[in-house]
Amino acid sequence: AQSVAQPEDQVNVAEGNPLTVKCTYSVSGNPYLFWYVQYPNRGLQFLLKYITGDNLVKGSYGFEAEFNKSQTSFHLKKPSALVSDSALYFCAVRDRENYGGATNKLIFGTGTLLAVQP
Amino acid sequence: GAGVSQTPSNKVTEKGKYVELRCDPISGHTALYWYRQSLGQGPEFLIYFQGTGAADDSGLPNDRFFAVRPEGSVSTLKIQRTERGDSAVYLCASSPWTSGELFFGEGSRLTVL
């Protein structure tokens, strides 16, 4: 079965420092991987996705993620954190085990709370 | 343009009551998903519609949960005989068929007393 793991419940970083939010995956076949962000009292927002191609994926708000097949990881990164980046971040993988058809059903991790201190 | 709209934003009900949650997707999006997010957890898949039909309902926890999308646009999630364990935020998302990117609404917070 497809799954993702986010090993850190919370990541603390000072404003201006680089940040990394970790995600590892377990899939059969080639993974389709995503990052979403959830601000307080707001819906989930898409940040970026990896389908195929370049291992470094660039997304919204200056975020990027690096796909590493040998380590089965898809860590989210940003060179310089902002206080406004403080939010809950979810890694997700597309479920490709289905009833014989393609689906965009996503399996989410448990989330990592990013706290950026001024 | 309008995003995914969910109503009500908050619903408090008593154990055993019937509840309906509505989702109005982005215009033109043919795929619609319902997820449930409990406190401290990631969203958990419930059901997926492609057009009017439920293409995958494998995430519905039991037969008290049902969803419809009769005209291929608005969807309603229906919960019968609610239980306290049904308390969660119910998220709706829509998607263009091919992209895999989900656009989420702000959710409906259900509290069962």
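Quick note: structure is the one above.
Counting of residues starts from 1 at the beginning of each chain's written sequence and follows it residue by residue. Starting at A for chains and at 1 for ligands, labels are handed out in the order in which the entities are written. Thresholds applied to this predicted model are a pLDDT of at least 70 for local features of residues and 80 or more for the giving and counting of side-chain atom pairs; totals over whole chains, interfaces and linings are not thresholded and use all residues. For side-chain calculations, the full set of non-hydrogen atoms in the structure is used, while hydrogens and water are omitted.

1. Remarks on the layout of surface pockets
Selection rule: Think of a 1 Å grid over just the protein atoms. A cavity is a set of points where a 1.4 Å probe fits yet cannot get out, a pocket is an open set with protein on both sides within 12 Å along at least five of seven lines, and lining residues have an atom within 4 Å of a point. Grid points are joined across faces, edges and corners, and a volume is the space filled by probe spheres set on the points. Residues are grouped as follows: nonpolar covers Ala, Val, Leu, Ile, Met, Phe, Trp, Tyr, Cys and Pro; charged covers Asp, Glu, Lys and Arg; every other residue, Gly included, is treated as polar. Runs of E in the DSSP output that reach at least two residues are strands. Runs of H or I that reach at least four are helices, and both are numbered from the N terminus.
One number sums up the size of the largest pocket: a volume of about 690 Å³. Lining the largest pocket are 28 residues, with Q38 and N41 of chain A together with Q37, V89 and R109 of chain B positioned closest to its centre. Broken down by class, the residue content of the lining of the largest pocket amounts to 10 nonpolar, 14 polar and four charged. Volume-wise, the second largest pocket comes out at about 240 Å³. In terms of lining residues, the second largest pocket is bounded by 14 residues, among which G43, L44 and Q45 of chain A together with F103 and F104 of chain B are the most central. Every element with two or more residues in the lining of the second largest pocket is listed here: β6 (44-50) of chain A together with β10 (103-104) of chain B. In terms of residue class, the lining of the second largest pocket is made up of seven nonpolar, four polar and three charged.

2. Digging into the pairing of β6 of chain A
Consecutive side chains along a regular strand alternate between the two faces of the sheet. All names here are of chain A. To be explicit about the condition: The classification of residues rests on relative accessible area computed with a 1.4 Å probe and restricted to protein chains. Under 20% of the type maximum is buried, over 50% is exposed, and intermediate values are partly exposed. DSSP-based pairing: two strands are paired if at least 2 bridges between them are found.
Buried residues dominate β6, accounting for six of its seven residues. Pairing of strand β5 (residues 33-38) with β6 involves six bridges; the strand directions are antiparallel. By the bridge assignment, Y36 is partnered in β6 with F46. Adjacent in sequence and paired antiparallel, β5 and β6 are bridged by five residues, among which N41 carries a positive phi angle near 60 degrees.

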